[in-house]
Amino acid sequence: MKNIVRIALAAAAMVFTLQASAQGFQLPNMQVKSNAFEDGGVIPIKYTSHGDNIQPDFTITGAPEGTVSYAIIMHDIEVALAPNTDDVTHWVAFNIPSPDIAEGSLPAGSVNGNNIRNAPGYMGSGAPLADRYHHYVFEFYALNANLDLP
C-alpha cells in the first residue's frame, strides 16, 4: 500500500512538472514551515516515539494555483529493512484540504495511510536514543485532485 501511495504522489508531481515545463510556466515556490522544529533541525522528543508521539504542525504557502488538497510522506532515509532497500515510512497522509495543519491532528476530510507498522496515522521518529542521528524527510505534495485510494 505504501508503495502505491508513493507511486501515485510521485506520478502526480512528475505530470505537473512536465506539464508546467512544456507550457512555459514557472514552477511555484511552495514552502512549508512548522513551529515544532526548524528545517534540518533536531526533532524535539515530544514529536517522537520516545516522547508523546504528537504530529507536528505545518503551514504550507505558495502552492500552485488549482491546488485541491495536500499529501505528506514522512520517512527515515537512514534505515533499509531486509531483504530490500525500502526505507521506514513513518507517516502517509493525503486529501488534506487545508494548507494549515494543526499540531496533533489533520483537518477534517484528510486520510491517514498506513505507516511501517501497517497502522494509519503519525508515527514519530523512533531511532535509538544512543544511536547516531537519523534523517527524517517530510515530503509535501500539492495535488490538483483528491486521491481515490483505499
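See the structure above.
Notes on the structure follow. (Residues numbered from 1 in each chain as written. Predicted model: local features only at pLDDT ≥ 70, side-chain atom pairs only at ≥ 80, totals over all residues. Heavy atoms only, no water.)

**Quick look at the overall build of the chain**
Rules: Helix and strand definitions here come from DSSP, where helices need a minimum of 4 consecutive H or I residues and strands a minimum of 2 consecutive E residues; each element is numbered from the N-terminal end. Only protein chains enter the accessibility calculation, which uses a 1.4 Å probe. A residue is then buried if its area is under 20% of the maximum for its type, exposed if over 50%, and partly exposed in between. Contacts are assigned to residue pairs with any non-hydrogen atoms lying within 4.5 Å of each other.
Within the chain, the secondary structure is distributed over one helix and seven strands. Put simply, the chain has 150 residues, and 35% of those count as buried. Long-range contacts, defined here as pairs at least 24 residues apart, represent 67% of the contacts in the chain between residues at least 6 apart.

**Topic: the environment of Thr67**
Applicable threshold: Whenever two N or O atoms come within 3.5 Å, that pair is a polar contact, provided that in protein one can donate a hydrogen and the other can accept it, and provided that, for residues adjacent in sequence, both atoms are side-chain atoms.
Within the element layout of this structure, Thr67 appears in the loop between strand 2 (58-61) and strand 3 (69-76). What makes Thr67 partly exposed here is its relative accessible area of 24%. A polar side-chain atom of Thr67 sits 2.6 Å from the main-chain carbonyl oxygen of Pro64.

**Details of the sheet that holds strand 5 (residues 100-101)**
Operational definition: Should DSSP find at least two bridges between two strands, the strands are regarded as paired.
Pairing is antiparallel in the open sheet, where three strands are placed in the order 1-2-5. Two strands lie at the open edges of the sheet, namely strand 1 (31-33) and strand 5, each paired on one side alone. Pairing analysis gives three bridges linking strand 1 to strand 2, with the strands arranged antiparallel. Counterpart to Lys33 in the pairing with strand 2 is Thr59.

**Some words on the packing of aromatic side chains**
Threshold: Within 6.5 Å between ring centres, the rings of Phe, Tyr and Trp (the latter by its six-membered ring) count as paired, and their orientation is classed by plane angle as stacked under 30 degrees, edge-to-face over 60, tilted in between.
Applying the stated criterion to the full structure yields six aromatic pairs. Where Trp91 meets Tyr122, the ring centres are 5.3 Å apart and the plane angle is 90 degrees; that geometry is what we call edge-to-face. Taken as a pair, Trp91 in strand 4 (residues 88-96) and Tyr122 in the loop between strand 6 (111-112) and strand 7 (136-143) lie far apart in primary sequence, 31 residues in all. A connected cluster of aromatic rings, assembled from ring pairs, spans Phe37, Tyr47, Phe58, Trp91, Tyr122, Phe138 and Phe140.

**Looking at the side chain of Ser125**
Turning to its location among the elements, Ser125 is positioned in the loop between strand 6 and strand 7. Apart from the residues lying within four places of it in its own chain, the contact partners of Ser125 are Ile43, Tyr47, Thr48, Ser49, His50, Met74, His90 and Tyr136.

**Some remarks on the layout of surface pockets**
Cut-off, in case you're wondering: In the cavity and pocket records, a cavity denotes points on a 1 Å grid over the protein atoms alone where a 1.4 Å probe fits but cannot get out, a pocket denotes an open set with protein on both sides within 12 Å along at least 5 of 7 lines, and lining residues are residues with an atom within 4 Å of a point. Grid points are joined across faces, edges and corners, and a volume is the space filled by probe spheres set on the points. Following the grouping adopted for this structure description, the nonpolar residues are Ala, Val, Leu, Ile, Met, Phe, Trp, Tyr, Cys and Pro, the charged ones are Asp, Glu, Lys and Arg, and the polar ones are all others, Gly among them.
Quantified by volume, the largest pocket comes out at close to 750 Å³. Forming the boundary of the largest pocket are 26 residues, of which Phe37, Gly41, Val42, Ile43 and Tyr136 lie nearest the centre. At the level of elements, strand 1 and strand 7 are the ones that each hand at least two residues to the lining of the largest pocket. Among the elements that take part in the lining of the largest pocket, strand 7 stands out by supplying three residues, more than any other. When its residues are assigned to classes, the lining of the largest pocket shows 13 nonpolar, eight polar and five charged.

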